[in-house]
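Geometric and topological summary
Here is what each chain is made of, one letter per residue.
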Amino acid sequence: MLRNPFFANTGAALPTGLFMLSDPVETAPELDVATARRQLAAQALVARITALAYVQNEADFQAGIAAEQQELIQTLLAEDQLRRLALENTANTDISLNQQFAILQEYRNWSALKVRISSLGFGFSLVPEWEANRDALLQELATITRNLDTISEELINRQETDADKAAMRVEKLMWLALQSELGLYPNQPLDELGNQLRFAQDALAEQGVPLALRVLFDSTATPPGIRLQDNNVR
Amino acid sequence: MASSRPVVRQRRKRLELLLLLSFFLCLLIGIGAFGALWWLRNADTPVLLPSLRQSLQPVQISRPLALHQLSGDPAEALAYQAIAAGELDTAYAIVLYDTALTGGRRAALYQKLAVGLRRRPNGTAGVSQPRYAGDCPSGPHLADQRAHPAADTEH
């Protein structure tokens, strides 16, 4: 579509700005240490796996990497503990909304990593405890995403101009729709997000910023999901 | 005048031949089009998965390459490295779970993945052709089609 020489795109690109509102918080030294230990443990496991590349038997391979894998598991669990503590502490400390936004994003990234590990996203069973609790981890990811949605909406409402609010709202909804499509915003109906996106894009157009590439929820698509909208058909 | 009649007859014959050939050509094209329509309608219906996350094939993921992310390597660079090494499922896993990757950066990686997957000799390992789904603030975003070919039993 974009290469069609007869197609004149008259809209605007969506300005980005929502995620620039986050104000990173300095992490606790013990968390930095835990992260460094986890990275070292992962490097050791990679080295061990590379050394055992000739081993064909899966049982022998698992036995060969057991020590390094166990070390990595311990560091992951320790880091998880500290990250949870840091998240809980935000409720007790006096930090700005922008800093809360940054902390939630950081924890969400960690939560998505845990979901990936629990889904064997590194190619093998890494932390059996998380695999057994995958549903709980997905629920946690959904909760964190909803909290992120709430805080970002509050940040959006603090913007000075209606145009900025409308643009950030579209950016937020597009990001949420992406997370839902990827399966990282569980139990969030995509058609609901699609409706919100439609209204938000209309609101943005009313502010004089009609998007060049609008999106919509297409229930007739295979599979149903968010698609680019044909600008000739509204 | 009389000498032009054989010429006119010759021209008519040529024209008739041309019309006849054109008719058969159009007939062949029409039959071909109907055949293609019939074949497409009877093609295997893909099995749709609830989400992209469930299209991941852990068995195909390169363990050492994937673990580099836990050792601190940036996800995006690692994904490009995996694609260059032909480890497409590993790259897919990295891109799938990278929550910060949006817009043109994600689209570029999906495009590279799509090119690599099309070149695969025996179909796909759960990820097939990309479709466009606008998500990013600055342009179109490529999201993988969630179709999981029913015939793909190799993995």
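Up top is the structure these notes are about.
Summarised in this report is the structure supplied together with it. (Residues numbered from 1 in each chain as written. Chains lettered and ligands numbered in written order. Predicted model: local features only at pLDDT ≥ 70, side-chain atom pairs only at ≥ 80, totals over all residues. Heavy atoms only, no water.)

Details of the interface of chain B and chain A
Often, the extent of an interface is quoted as the loss of accessible area on bringing the components together. Taken together, the contact pairs 38 residues of chain B with 49 residues of chain A. The interface formed by chain B and chain A includes 1 salt bridge. Taking the shortest distance from any N to any O, the salt bridge between Glu58(A) and Arg63(B) comes out at 3.4 Å. With 7 residues, the top contributor of residues to the side of chain B that touches chain A is helix H2 (residues 63-70) of chain B. Residues that form the side of chain B that touches chain A fall into these classes: 20 nonpolar, 12 polar and 6 charged. (Contact = heavy atoms within 4.5 Å. Salt bridge = Lys/Arg side-chain N within 4 Å of Asp/Glu carboxyl O. Helix = DSSP H or I, 4+ residues; strand = E, 2+ residues; numbered from the N terminus. Nonpolar A, V, L, I, M, F, W, Y, C, P; charged D, E, K, R; others polar.)

Examining the nonpolar core
Membership of the largest hydrophobic core comes to 83 residues, with the highest contact counts inside it found for Leu72(A), Leu76(A), Leu126(A), Leu67(B) and Leu70(B). If one sorts the elements of this core by residue count, helix H6 (residues 162-182) of chain A sits on top with 11 residues. (Core = buried A, V, L, I, M, F, W, Y, C linked by side-chain atoms within 4.5 Å. Buried < 20%, exposed > 50% of the residue type's maximum accessible area, 1.4 Å probe, protein only.)

Notes on the side chain of Lys172(A)
Residues and elements named next belong to chain A. With respect to the secondary-structure elements, Lys172 resides in helix H6. In terms of polar contacts, Lys172 uses its side chain to reach the side chain of Glu153, at 2.7 Å. Among residues more than four places away in sequence, those in contact with Lys172 are Leu18, Asp149, Ser152, Glu153 and Ile156. (Polar contact = N/O pair within 3.5 Å; in protein donor to acceptor, adjacent residues only side chain to side chain.)

Comments concerning the pattern of salt bridges
Opposite charge on two side chains makes pairing possible when the charged atoms of those side chains draw close. All names here are of chain A. For the structure on display, the rule yields 15 salt bridges over all chains. A salt bridge links Arg83 to Glu106, with the nearest nitrogen and oxygen atoms 3.6 Å apart. With Arg83 in helix H2 (residues 58-89) and Glu106 in helix H3 (residues 97-118), this pair connects stretches of sequence that are 23 residues apart. With relative accessibility at 42%, the residue Glu106 sits in the partly exposed group. The closest approach of N and O atoms between Arg214 and Asp202, which form a salt bridge, is 3.0 Å. Of this pair, Arg214 sits in the loop between helix H7 (190-206) and strand S1 (215-218) while Asp202 sits in helix H7, placing them 12 residues apart in sequence. Through salt bridges with shared partners, a single network forms among Arg38, Glu79, Arg83 and Glu106.

With respect to unusual backbone geometry
Residues and elements named next belong to chain A. In this model, Leu120 sits at a positive phi of 60°, which is unusual for a non-glycine residue. Tracing the chain through its elements places Leu120 in the loop between H3 and helix H4 (128-132). Assessed through its relative accessible area of 27%, Leu120 is described here as partly exposed. Although it is not a glycine, Asn187 sits at a positive phi angle of roughly 60°. As for its position among the elements, Asn187 is in the loop between H6 and H7.

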